[in-house]
Each structure stands twice: as C-alpha cells, then as structure tokens.
Amino acid sequence: HADLAARLDGERPGDALLKLLPSALQGIPFAFGVAPSNPISLLIPTACNVLVSLVTLCLFFRICLVLFDGDRMVSVTAAAVYACLVNTNVYIRHVLPYDWALCVGAFALWLTLLESLPPRRALVIGTLSGRVIAVYPGYYTVAAVIGVVTVGSGAMNGRERAVRAIVFLTGAMVTLAAFEVLCRIGGIS
C-alpha cells in the first residue's frame, strides 16, 4: 500500500511541465557558475511560487467578492485569513506543486462564478480542472467541486445541465488524455 501511494504521489506530469519555466530561468545563474542546487539559484523557483501564491490570493479575493455580493470588507477579511494559513507559507518555501494547482483551480472556479456560463467557457473550465489533476492528482476533489459548480450554477433546464456536464467532462478528459500521451512517450503512465 505504501509503495502504491508513493508511486501515485510521484506522478505529476503537469507539475513537471510547470517546473520547466523556473528551471529554464535557473539556467541564467548557471551560466555564471551558480549551480541549480545553490540557495541563490533556488530563489528563482521560490519567487515563481510567491508569484503564483499572490495570484491565487487575488483570485480568492475575487471569488469572495462574487460569493459575498461585492462586500469588500468581508472579502478582504477572508483573503487575509487565507493568506495567513500555515500551509500557504509552507508550500512556497518548499517549492511544492500545490499552489500551482490551487491557482489553476481558483481561476477555474472564478470563471464558473461569472455572470453567464456559455458552453465554450464550460469547456475551458473543464480543461483547467483536468490541469489541476495533472499538476497535483491529490486535488481531484477540487476538480470535482468545480465540475459540480459548473453544472449546477444558474437556473436552467435538465438538457442545458447535461450539455454543460458533457462539455466540462470533455475538456477535462481531453486534457488528461493529452498528459497521458505525453507520459507514455516518456515511458511512464
């Protein structure tokens, strides 16, 4: 059981792709003789995580504005509490993929909560939800919650909900299938 859990935890193809940007930026100090494992060079991926964390915080604030009918005080308070969470600060320091996945999930949720939700946006939200799972599979429940909100938001009939569900699932499945193909090319699943 522990071996299976370790294998599943290590399979994050979306995380590997996201780390390409900070890794490429670490090539700059490497050109001047600073090894990527040097604490100075490690400031680059940490700075990327700080930026992602700030974007997530802004998205969280915007989501709160929608959920609390534009009440800025409540939204600022909720965002301040979110910013003070211990795991938010730990994830930044340890350069873990969780903030990247939360950022994508928060963006998808924010898109879901906008005024209208045409099928095209439901497809984008499904694609983003698939990316949440690809970046960190442990957040599959985040993708499920986004799916429920996407399908259930707004007053509409059963046919419109079914279309929205199919479009959302199509976006998520195409994204996950694309990552599976990339992984198969790399020799893993």
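This is a predicted model, so every value here is computed, not measured.

The subject of this paragraph is the packing of aromatic side chains. One pass over the full model with this rule turns up three aromatic pairs. Look at Tyr136 and Tyr139: their rings are 4.9 Å apart centre to centre, the planes differ by 80°, and that puts the pair in the edge-to-face class. Using a relative accessible area of 16% as the deciding quantity, one classes Tyr136 as buried.

Trp100, Ala101, Tyr136 and Tyr139 are the most contacted members of the largest nonpolar core, which has 13 residues in total. At the level of secondary structure, the elements contributing two or more residues to this core comprise α5 (43-67), α8 (98-113) and α9 (119-135). It is α8 that provides the largest number of residues to this core, a total of five residues. Discounting chain neighbours no more than four positions away, the residues touching Trp100 are Leu18, Cys48, Asn49, Val52 and Val135. Ala108, Leu117, Ile125 and Ile146 belong to the second-largest nonpolar core, a separate cluster that totals seven residues.

Take α5 next. Given 3.6 residues to a turn, an α-helix orients residues that are three or four positions apart in the same direction. The terminal C-alpha atoms of α5, which comprises 25 residues, lie 36 Å apart, in line with the 36 Å expected from a rise of 1.5 Å per residue. Just beyond α5, the residue with positive phi is Asp69, at close to 50°.

It is worth spelling out the side chain of Arg164 at this point. With respect to the helices and strands, Arg164 occurs in helix α11 (residues 158-185). Buried charge without a partner: Arg164 forms no salt bridge, and the closest opposite charge is Glu160, 6.9 Å away. Leaving out residues up to four positions away in the same chain, Arg164 has contacts with Leu117, Ala122, Thr150, Val151, Ser153 and Met156.

Together, Leu17, Leu20, Val181, Leu182 and Ile185 make up an exposed nonpolar region whose accessible area comes to about 510 Å². The greatest single-element share of the nonpolar patch, amounting to three residues, is contributed by α11. Accessibility expressed as a relative area gives 51% for Leu20, which makes it exposed.

At a minimum axis separation of 7 Å, α9 and α11 run at an interaxial angle of 40°. Taken together, α9 and α11 sit at an angle that is classed as oblique. Every pair of crossing elements has a handedness; the one defined by α9 and α11 is right-handed. On α11, the residues that touch Pro119, Ala122, Leu123, Ile125, Gly126, Thr127, Ser129, Gly130, Arg131, Ile133 and Ala134 of α9 are Arg164, Val167, Phe168, Thr170, Gly171, Ala172, Thr175, Leu176 and Phe179. Of the residues belonging to the contact of α9 with α11, the class tally is 11 nonpolar, seven polar and two charged.

Parameters and conventions
- Residues numbered from 1 in each chain as written.
- Predicted model: local features only at pLDDT ≥ 70, side-chain atom pairs only at ≥ 80, totals over all residues.
- Heavy atoms only, no water.
- Phe/Tyr/Trp six-rings, centres within 6.5 Å; stacked < 30°, edge-to-face > 60°.
- Buried < 20%, exposed > 50% of the residue type's maximum accessible area, 1.4 Å probe, protein only.
- Core = buried A, V, L, I, M, F, W, Y, C linked by side-chain atoms within 4.5 Å.
- Helix = DSSP H or I, 4+ residues; strand = E, 2+ residues; numbered from the N terminus.
- Contact = heavy atoms within 4.5 Å.
- Expected span 1.5 Å × (residues − 1).
- Lys, Arg positive; Asp, Glu negative; His and termini not counted.
- Salt bridge = Lys/Arg side-chain N within 4 Å of Asp/Glu carboxyl O.
- Patch = residues over 30% accessible without salt bridge, like charges linked within 9 Å, V, L, I, M, F, W, Y side chains within 5 Å.
- Areas by Shrake-Rupley, 256 points an atom, 1.4 Å probe, with all protein chains shown as cover.
- Axes fitted to C-alpha atoms, helices over the stretch in contact; angles between N-to-C directions.
- Parallel < 35°, antiparallel > 145°, perpendicular 65-115°, else oblique.
- Left-handed = near helix turned anticlockwise from the far one by under 90°.
- Nonpolar A, V, L, I, M, F, W, Y, C, P; charged D, E, K, R; others polar.

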